[in-house]
Amino acid sequence: MQSKTVESALNKQINEELQSAYVYLGMAAEADRLGLPGFANWFKMQYQEELAHADKFFNYILERDGEVKLDALKAPEIKDATPLSLFESALAHEQHISACIFKLKDLARAESDHATDVFLEWFVTEQVEEEANARGVIDQLKMIEGNKNGLFLIDRELAGRQAEEAEG
Ligand code: OFO
């Protein structure tokens, strides 16, 4: 049985992951509004990946004989979006999630919760990839400096992201 402090922090992380999903769903809608179906696809896949992350925490709490407590979500705030601002927000969001995971890991160690410490390893690695993915698209968008042909090509590339890749 894990400590109640760790359990409560894991429950908070379910909310963070579901909030991430909600943010990406909002970004998918915004990308569609901007006429970028490939971007919308990428954010929709990311939305699904975040749901899978929330599910991992959900299942883990139950596996440890804990109690899942779900909390309310906030509406995503996306204003005056551009292709670049969407991905800059995605990167900032992932950096926030990385900080949450590191804090959780510190807590698990402080509580001598070895199982949770090991469970969180996957997320540490995943966050490196999530930040790198967003950064990669930001680099491409900066390179084209708003050129429409370039944007068309990036949109086509992002349209290729498949659900399998998003399983996480
Ligand atoms: Fe984006 O990795 Fe979960 O939140």
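Anyway, here's the lowdown on the structure attached to this text. A quick note: this is a predicted structure, and the numbers were derived from the prediction, not measured.

**Observations concerning the pattern of salt bridges**
Moving on, step 1. Enumeration over the complete set of coordinates arrives at 8 salt bridges.
Moving on, step 2. A salt bridge links Arg135 to Glu131; the shortest N-O distance between them is 3.2 Å. Placement of the pair is Arg135 and Glu131 together in helix α4 (residues 114-144), with a separation of 4 residues, close to one helical turn.
Moving on, step 3. Take Glu131: its relative accessible area is 15%, and that puts it in the buried class.
Moving on, step 4. Through salt bridges that share partners, Lys105, Arg109, Asp117 and Glu121 make up one connected network.

**A short note on the layout of surface pockets**
Moving on, step 1. Space inside the largest pocket adds up to approximately 240 Å³.
Moving on, step 2. Lining the largest pocket are 14 residues; nearest its centre among them are Val23, Ala75, Pro76, Glu77 and Ile78.
Moving on, step 3. Those elements that place two or more of their residues in the lining of the largest pocket are α1 (4-33) and α3 (83-110).
Moving on, step 4. Per-element accounting of the lining of the largest pocket gives the leading share, 4 residues, to α3.
Moving on, step 5. Grouping the amino acids of the lining of the largest pocket by side-chain chemistry returns 7 nonpolar, 4 polar and 3 charged.
Moving on, step 6. Roughly 200 Å³ of internal volume is contained in the second largest pocket.
Moving on, step 7. Around the second largest pocket sit Ala9, Lys12, Gln13, Ala99, Cys100, Lys103, Leu104 and Leu107, which together line it.
Moving on, step 8. For the lining of the second largest pocket, the secondary structure elements donating two or more residues are α1 and α3.
Moving on, step 9. Here the lining of the second largest pocket gets 5 residues from one element, more than from any other, and that element is α3.
Moving on, step 10. Tallied by class, residues from the lining of the second largest pocket come to 5 nonpolar, 1 polar and 2 charged.

**Things to note about the environment of Thr5**
Moving on, step 1. Relative to the helices and strands, Thr5 is located in helix α1.
Moving on, step 2. The exposure class of Thr5 is partly exposed, given its relative accessible area of 43%.
Moving on, step 3. On a C-alpha basis, the gap between Thr5 and Glu111 in space is 8.4 Å, while along the polypeptide they are 106 residues apart.

**Considerations on the nonpolar core**
Across soluble globular proteins, you tend to see nonpolar side chains buried next to one another.
Moving on, step 1. Of all hydrophobic cores here, the largest spans 23 residues; its most connected members are Met27, Phe39, Phe43, Phe87, Leu141 and Leu158.
Moving on, step 2. Listed by contribution, the elements that provide at least two residues to this core are α1, α2 (37-63), α3, α4 and α5 (148-158).
Moving on, step 3. When residues no more than four places from it in sequence are discounted, the contact partners of Phe87 are Phe39, Trp42, Phe43, Ala134, Val137, Ile138, Leu141 and Leu158.

**Notes on the side chain of Asp155**
Moving on, step 1. Note on placement: Asp155 falls in helix α5.
Moving on, step 2. Despite its burial, Asp155 remains without a salt bridge, the nearest opposite charge being carried by Arg156 at 8.4 Å.
Moving on, step 3. Not counting residues up to four positions away in its chain, the partners in contact with Asp155 are Leu36, Pro37, Gly38 and Phe39.

**Structural notes on the packing of aromatic side chains**
Moving on, step 1. Taken as a whole and judged by the stated rule, the model has 10 aromatic pairs.
Moving on, step 2. On the numbers, 4.8 Å between centres and 35° between planes, the contact of Phe43 with Phe87 is tilted. Here Phe43, found in helix α2, pairs with Phe87, found in helix α3; they are 44 residues apart in sequence, far enough to count as distant. No difference in accessibility class separates Phe43 from Phe87, as the two residues are buried.

Reading the values: rules and limits
- Residues numbered from 1 in each chain as written.
- Predicted model: local features only at pLDDT ≥ 70, side-chain atom pairs only at ≥ 80, totals over all residues.
- Heavy atoms only, no water.
- Salt bridge = Lys/Arg side-chain N within 4 Å of Asp/Glu carboxyl O.
- Helix = DSSP H or I, 4+ residues; strand = E, 2+ residues; numbered from the N terminus.
- Buried < 20%, exposed > 50% of the residue type's maximum accessible area, 1.4 Å probe, protein only.
- 1 Å grid on protein atoms, 1.4 Å probe; cavity = no way out; pocket = protein on both sides within 12 Å on 5 of 7 lines; lining within 4 Å.
- Points joined across faces, edges and corners; volume = space filled by probe spheres on them.
- Nonpolar A, V, L, I, M, F, W, Y, C, P; charged D, E, K, R; others polar.
- Core = buried A, V, L, I, M, F, W, Y, C linked by side-chain atoms within 4.5 Å.
- Contact = heavy atoms within 4.5 Å.
- Lys, Arg positive; Asp, Glu negative; His and termini not counted.
- Phe/Tyr/Trp six-rings, centres within 6.5 Å; stacked < 30°, edge-to-face > 60°.

In short, geometric facts, not functional conclusions.
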